[in-house]
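So the chains spell out like this:
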Amino acid sequence: MAKIAMLGAGFIGDFYTFSLHGQRGRDTVQVIYSRDEARGEAFGKKHGIPKWTTSMKAAVNDPDIDVIVIGLPNNLHLEAVKLAAAAKKVVFCTKPLGRNAVEAKKMLDLVEKAGVIHGYLEDLVYTPKTLKALKAVQSGAIGQVIWARSRETHPGPHSDWFWTKEISGGGVLLDMGCHCIEISRSYIGKDIRPVEVMCWTDTLVKPIEAEDNALGWVRYENGAVGQFEVSWSFRGGMDLRDEVMGTEGTIWVNNFLRTGFEMFSAGGKKGYVAEKAETETGWIFPVGDEVVELGYTDMFTDMFNAYEKKTEPTETFYDGYIVNEIMDACYRSAGTKKWEPVRLKEWRGREKTSKISGKQDYDKDHLLVKEERMPDGTVKLILKNKKTGKITQTRKK
Ligand SMILES: NC(=O)c1ccc[n+]([C@@H]2O[C@H](COP(=O)([O-])OP(=O)(O)OC[C@H]3O[C@@H](n4cnc5c(N)ncnc54)[C@H](O)[C@@H]3O)[C@@H](O)[C@H]2O)c1
């Protein structure tokens, strides 16, 4: 049973606390840190949290507290991690870990030097659908992953600081690209080295300095590609979809919008529908249990199991650091309009991963390129001669 200090009484602090206190959870928030006394008190009363403070240091150093959860704007993650490491407390930090890889590496070094358990709160690799899909991939159900595409788009974030580059560190690429990059990386294999990236960013719609739209490709050492598509100007709610293409199969996952729960309301009782929903009347798409479906519940289960068993969770600060390095390379590529290398200062995965290969022998002289049943009922074979390299076609007898 962990006693938690929640740093930040905003949107994610609220979601995290709902998730931790739901389902009669045994890990409870005992202190809430908010700059504003009244907001801290209101948050405390709403969630049954006995203590609130306007001092981040006091919250972290509270002797009753075992675990620090960071839900603060991006510019405060490093400061909070410094305090947690100094106090030698277990620390779980929201995404993105840093505003850039330099900050993320500092955070990784701090927690490792302090010898404390650390977790990177990347909820979207823990959605129930993603967990099941990842298990299928790991069991070999779709062969080798060639391409993993992840999309997160919505009409833009809910607080001023996200839109202010000096505080947030970047636009939609940093804010939501971090989710998509880690999702694709999880499907492709976190032990496979990300090698280079190509990225496009632009500020198309919003009056801001940072990018509001971004697309990118992360190429891994085995040839697999992780593709991300993120936007702060998408209309219609929050779209979270992933597609995985393997040598032996395919997975399509829709995590949030239009997943089978559809409701029509002429407007009798308006109110919250789901995160970033744009309409409260007409056809609406509520979400059964939002904290579960967004992955928070399974994420905290993994984090607090690691805390209890003194092991590592699936997502650590090291993963957060890798994601930050990939995003830094993306920003470089968006500037140069060229493939840019991912410059990892530390790599703990496999060295020299061999290329993906689906090569299939047909007989001793031929490789099979393709087999297909045609409309006339016959089966056509495309074969490659192993010696000459010539490609021919024949009918299966
Ligand atoms: N799916 C996710 O994992 C997810 C979703 C949303 C946000 N986040 C992350 O959570 C973090 C917080 O985002 P949010 O959505 O809760 O933002 P928010 O604006 O809703 O809340 C941030 C809180 O920090 C407070 N704050 C702002 N400036 C401060 C300062 N200088 N000192 C102390 N407190 C300050 C705000 O008053 C607010 O209570 C960000 O890093 C964001 O990327 C993660």
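Residues numbered from 1 in each chain as written. Predicted model: local features only at pLDDT ≥ 70, side-chain atom pairs only at ≥ 80, totals over all residues.

Student: Got a minute to help me understand the sheet that holds strand S5 (residues 90-94) in this structure?
Tutor: Think of a sheet as strands paired side by side through backbone hydrogen bonds, with each pair either parallel or antiparallel. One open sheet accounts for six strands, arranged S3-S2-S1-S4-S5-S6; its pairing is parallel. This sheet does not close on itself; its edge strands, each paired only once, are strand S3 (51-53) and strand S6 (118-121). Recorded for the sheet is a direction-independent mean angle of 20° between the axes of neighbouring strands. Alignment of strand S1 (residues 3-7) against strand S2 (residues 28-33), held across five bridges, turns out to be parallel. Each residue of the ladder has a partner; that of Ile4, found in S2, is Val29. (Pairing = 2+ DSSP bridges. Helix = DSSP H or I, 4+ residues; strand = E, 2+ residues; numbered from the N terminus. Axes fitted to C-alpha atoms, helices over the stretch in contact; angles between N-to-C directions.)

Student: What's the story with the domain arrangement of the protein in this structure? I'm lost.
Tutor: The parts lose accessible area when they come together, and the size of an interface is often stated as this lost area. Here the protein is partitioned into domain 1 (3-122), domain 2 (125-295 + 313-341) and domain 3 (366-395). A separation of 24 Å is found between the C-alpha centroids of domain 1 and domain 2. Taken together, the contact between domain 1 and domain 2 spans 25 residues of the former and 25 residues of the latter. Elements with a minimum of two residues in the side of domain 1 that touches domain 2: helix H1 (11-21), helix H5 (101-114) and S6. When residues in the side of domain 1 that touches domain 2 are grouped by element, the largest group, six residues, is from H5. (Domains from an automatic or database assignment. Contact = placed C-beta atoms within 7 Å.)

Student: Teacher, can you tell me more about the site of the ligand here?
Tutor: In the vicinity of the ligand there are 21 residues, among which Gly10, Phe11, Ile12, Thr94 and Ser159 approach most closely. The element best represented in the shell around the ligand is H1, accounting for three residues. Of the residues in the shell around the ligand, the class split is eight nonpolar, nine polar and four charged. Per-domain counts for the shell around the ligand show at least three residues from each of domain 1 (3-122) and domain 2 (125-295 + 313-341). (Near = placed C-beta within 6 Å. Nonpolar A, V, L, I, M, F, W, Y, C, P; charged D, E, K, R; others polar.)

Student: Looking at this model, I keep getting lost on the sheet that holds strand S17 (residues 379-385). Mind explaining?
Tutor: In space, the three strands of this open sheet follow the order S16-S17-S18, with antiparallel pairing throughout. Lying at the two open borders of the sheet, with one neighbouring strand each, are strand S16 (366-373) and strand S18 (391-395). Looking at each pair of strands side by side, their axes are set apart by 25° on average, direction ignored. Examined bridge by bridge, S17 and S18 share five bridges and lie antiparallel to one another. Within the sheet, the bridge partner assigned to Leu381 lies in S18 and is Thr394.

Student: Quick question: what am I supposed to make of unusual backbone geometry here?
Tutor: What is expected of a backbone is that most residues other than glycine have negative phi and most peptide bonds are trans. A cis amide bond links Lys95 to the next residue, Pro96, at an omega of -20°. Secondary-structure assignment places Pro96 in the loop between S5 and H5. Phi at Lys310 takes a positive value of approximately 55°, unusual for a residue other than glycine. With respect to the element layout, Lys310 can be found in the loop between helix H11 (296-309) and helix H12 (317-336). One non-glycine residue, Lys352, lies in the positive phi region at around 55°. For Lys352, the position within the fold is in the loop between strand S15 (340-341) and S16.

Student: Could you clarify how one ought to interpret helix H6 (residues 128-138) in this entry?
Tutor: Since the α-helix advances by 3.6 residues per turn, residues separated by three or four positions end up pointing in the same direction. Every buried residue belonging to H6 is among Thr130, Ala133 and Val137, and all of these are buried. Each buried residue of H6 sits inside an arc of 65° when the element is viewed along its axis, so together they form one side. More than 90 degrees from the buried face of H6, the exposed residues found are Lys132, Lys135 and Gln138. Among the structural elements, strand S7 (145-153), helix H9 (177-188), strand S11 (239-246) and strand S12 (249-254) are those in contact with the buried residues of H6. (Buried ≥ 20, exposed ≤ 12 C-beta atoms within 10 Å, placed from the backbone. Arc of directions from axis to C-beta.)

Student: Help me understand the nonpolar core in this model?
Tutor: Among soluble globular proteins, nonpolar side chains are generally buried collectively. Ranked by internal contacts, the top residues of the largest apolar core, which has 98 residues, are Ala5, Leu7, Val81 and Ile326. Top contributing element to this core by residue count: H12, with eleven residues. Built from parts of two domains, this core gets at least three residues from each of domain 1 (3-122) and domain 2 (125-295 + 313-341). Setting aside residues up to four positions removed in sequence, Ile326 forms contacts with Ile181, Pro194, Val197, Val218 and Val342. (Core = buried A, V, L, I, M, F, W, Y, C linked by C-beta atoms within 7 Å.)

Student: What is the right way to read the pairing of S17 from this model?
Tutor: In regular strands, side chains alternate between the two faces of the sheet. Summarising the sheet, S16 and S17 pair through seven bridges and their orientation is antiparallel. Paired with Leu368 across the bridge in S17 is Leu383. Connecting S16 to the antiparallel partner S17 that follows it, the hairpin turn spans five residues, and Gly377 within it adopts a positive phi of roughly 95°. Counting the residues between successive antiparallel strands, the hairpin from S17 to S18 contains five residues, one of them, Gly389, with a positive phi of roughly 85°.

Student: What's the story with the packing of H9 against H12 in this structure? I'm lost.
Tutor: Helix-helix packing is characterised by the crossing angle of the two axes and by the distance between the axes. Between H9 and H12, the shortest axis-to-axis distance is 10 Å and the interhelical angle comes to 115°. Our classification of the angle between H9 and H12 gives roughly perpendicular. Helix-helix and strand crossings are classified by hand; for H9 and H12 the assignment is right-handed. Packed against H9, whose contacting residues are Gly177, Cys178, Ile181 and Glu182, the element H12 presents Asp319, Val323, Ile326, Met327 and Cys330 at the interface. (Parallel < 35°, antiparallel > 145°, perpendicular 65-115°, else oblique. Left-handed = near helix turned anticlockwise from the far one by under 90°.)

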